[in-house]
Amino acid sequence: MQQKTLDALFRVYAKLEEITNELYNLADDAVDEGNFNDASILQARANILYEQMENIDVVISELGG
């Protein structure tokens with residue numbers, strides 16, 4: 001894998017991690033407020049992004065070193 005591709009994957013991973021953490025934090029806040037519908041939606045979106053992070057990590061590990 002070319003270094004610029006690997007660098008791009010690392011950048012995307014970092015951005016997804018930031019967004020995912022924000023969504024999890026917002027979900028926690030919604031639970032604290034008793035807003036379980038919003039918490040569920042936020043948690044589900046965060047889970048999907050977390051799965052994408054895991055997939056990127058596998059690609060990096062297998063192809064990038």
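What you are looking at is a predicted structure, and each value in this text was computed from that prediction instead of being measured. (Residues numbered from 1 in each chain as written. Predicted model: local features only at pLDDT ≥ 70, side-chain atom pairs only at ≥ 80, totals over all residues. Heavy atoms only, no water.)

Novice: Could you clarify how one ought to interpret the overall build of the protein chain in this entry?
Specialist: In terms of helices and strands, the protein chain carries two helices and zero strands. Here the C-alpha atoms of the protein chain give a radius of gyration of 15 Å, more than 25% beyond the 11 Å that 2.2 N^0.38 yields for 65 residues. Once the C-alpha set of the protein chain is aligned to its principal axes, its extents read approximately 45 × 15 × 10 Å. Per-residue burial over the protein chain gives 18% buried out of 65 residues. In the protein chain, once contacts between residues fewer than 6 apart in sequence are set aside, the share between residues at least 24 apart is 62%. For the protein chain, the exposed area adds up to about 4700 Å²; of that, 51% sits on carbon and sulfur atoms. Side-chain charges of the protein chain comprise 4 positive and 13 negative groups, with the mean position of each set lying 16 Å from the other. (Helix = DSSP H or I, 4+ residues; strand = E, 2+ residues; numbered from the N terminus. Rg over C-alpha atoms; globule rule 2.2 N^0.38 Å. Buried < 20%, exposed > 50% of the residue type's maximum accessible area, 1.4 Å probe, protein only. Contact = heavy atoms within 4.5 Å. Areas by Shrake-Rupley, 256 points an atom, 1.4 Å probe, with all protein chains shown as cover. Lys, Arg positive; Asp, Glu negative; His and termini not counted. Charge placed at Lys NZ, Arg CZ, Asp CG, Glu CD.)

Novice: Would you mind going over the nonpolar core with me for this structure?
Specialist: Burial of nonpolar side chains together is a common tendency in soluble globular proteins. Leu 6, Leu 9, Leu 16, Met 53, Ile 56 and Ile 60 form the largest nonpolar core, which has six residues in total. Among all residues touching Leu 9, those that are not within four sequence positions of it are Met 1, Ile 56, Val 59 and Ile 60. (Core = buried A, V, L, I, M, F, W, Y, C linked by side-chain atoms within 4.5 Å.)

Novice: Looking at this model, I keep getting lost on a nonpolar patch on the surface. Mind explaining?
Specialist: Nonpolar side chains collect at one region of the surface, where Met 1, Val 59 and Leu 63 lie side by side and expose about 270 Å² of accessible area between them. Its location among the elements puts Met 1 in the segment before α1 (3-32). (Patch = residues over 30% accessible without salt bridge, like charges linked within 9 Å, V, L, I, M, F, W, Y side chains within 5 Å. Salt bridge = Lys/Arg side-chain N within 4 Å of Asp/Glu carboxyl O.)

Novice: Quick question: what am I supposed to make of the environment of Gln 3 here?
Specialist: One can find Gln 3 in helix α1. With 27 residues separating them in the primary sequence, Gln 3 and Ala 30 have C-alpha atoms 40 Å apart. Polar contacts involving the side chain of Gln 3 include one to the side chain of Asp 7, which spans 2.7 Å. (Polar contact = N/O pair within 3.5 Å; in protein donor to acceptor, adjacent residues only side chain to side chain.)

Novice: How should I be thinking about the side chain of Thr 20 in this particular structure?
Specialist: By the secondary structure assignment, Thr 20 is in helix α1. Residue contacts for Thr 20: discarding those within four places in its chain leaves Ala 46, Leu 49, Tyr 50 and Met 53.

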